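What the coordinates show
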Amino acid sequence: MRADLHIHTTASDGRWTAKQLVEGVLAEGIALFAVTDHDSVGNIAPVMALLDGAGLAFLPGVEVSTLQAGNVFHILGYGIDPTHGPLLALLNEHETKLREVDDEDMRDLIALGFPIDWEDYVAYTYDRTRGGFKSLNYLIDLGLCDGPKDFFARIRELLHHRWPDFAPPGAASAMIRQAGGVPILAHPGASFMKLGGVTGDNLHSALAWGIAGVECYSQYHDPETTAFCVDWCTRHDLLITGGSDYHGGLVNRQLGKPFVDTDQLRLGELEDKIMAPLQRGGFTTENAEIAKET
Ligand SMILES: [Zn+2]
Ligand SMILES: [Zn+2]
């Protein structure tokens, strides 16, 4: 069964709505998929509402931003209850902090002499199907930035950009567990890039955070990195997941890449969290329970 367990939507910085996502997943021939927005579960219910009769297996998910010694790590949480109060509070806090940092970036640019009017920026809104975030879209509309690549390579280099004080990865993993989910270390090849790469020592340090597994299959990984992660997880009896980190075309990644078959994964306790294809009745809590049992 073809799988993609890492996909973003308009609930964070992706371009696809819930409907576009379900249609896209079907068109690509992916049978098991997960929605994993940055610090948001906003599109889980809308996606679930579209699954009736679609024949798709679904894992509700989230990608929690975390900060450890000044470095950002993304922890995927699969099978979480998207209505869990304490988890929602943490995600809200992170979203607020991300917006504050976005605003600080803009103040920096104004101080640097960019022709930006603060009040105009504050009042600005953008269509979420454009993807990205507020300051990026605002700068594009002012003709001051070409797109995400230009933003990260040129503009952010000019700023005193600092990451917000996201929860530490251990606390985020514990919260995912508390919300009924399973914490997985996302794309270690990206997270450890400036920390010596994917090594046994680095992966070992992540074990202390309470992760249950590693996203081994990722567009950030070359074949050697993937093989290393798969071998390491197998030897440590950890789960193996994979996904495209697709953002609806915002950045240069494709849905369903790398090609992942569930036979290549070790889903373990995640298997109980998968919502099987719903044939009739739409999404209800009762149907979700039935689906889990079938
Ligand atoms: Zn990520
Ligand atoms: Zn992601």
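Residues numbered from 1 in each chain as written. Chains lettered and ligands numbered in written order. Predicted model: local features only at pLDDT ≥ 70, side-chain atom pairs only at ≥ 80, totals over all residues.

1. Focus on the pairing of strand β3 (residues 57-68)
By the criterion of burial, β3 is predominantly enclosed, with 10 of the 12 residues buried. Both strand β2 (residues 32-38) and β3 contribute to a ladder of seven bridges, which runs parallel. The partner of T36 across the bridge, within β3, is G61. Inspection of the sheet shows β3 paired to strand β4 (residues 71-78) by eight bridges, in the antiparallel sense. If you follow V62 over to β4, its bridge partner there is G77. Taking the residues between adjacent antiparallel strands as the criterion, β3 and β4 are bridged by two residues, where A69 takes a positive phi near 50°. (Buried ≥ 20, exposed ≤ 12 C-beta atoms within 10 Å, placed from the backbone. Helix = DSSP H or I, 4+ residues; strand = E, 2+ residues; numbered from the N terminus. Pairing = 2+ DSSP bridges.)

2. Digging into the sheet that holds strand β6 (residues 213-217)
Spatial strand order, β1-β2-β3-β4-β5-β6-β7: seven strands in an open sheet with mixed pairing. In this open sheet, the two strands that pair with only one neighbour each are β1 (3-4) and β7 (239-242). Relative to β7, β6 runs parallel, the two being bridged by four bridges. Bridge pairing in β7 places E215 opposite T241.

3. Re helix α10 (residues 223-235)
With 13 residues, α10 ought to run about 18 Å at 1.5 Å a step, and its terminal C-alpha atoms sit 18 Å apart, in line with that. Residues of α10 that are buried: T226, F228, C229 and C233. End-on, the buried residues of α10 take up no more than an arc of 160°, which puts them together on one face. Across α10 from its buried face, at more than 90 degrees, point the exposed residues P223, E224, A227, D231, T234 and R235. Check the buried side of α10 and you find it contacts α8 (188-191), β6 and β7. (Expected span 1.5 Å × (residues − 1). Arc of directions from axis to C-beta. Contact = placed C-beta atoms within 7 Å.)

4. Details of the confidence of the model for the protein
Note: predicted coordinates in regions of low pLDDT should not be interpreted at a detailed level. Per-residue confidence for the protein averages 93 on the pLDDT scale, and 94% of its residues sit at or above 70. Between residues 279-284, whose pLDDT stays under 50, and residues either more than four places distant or in other chains, the model counts 12 contacts. (pLDDT = per-residue confidence, 0-100.)

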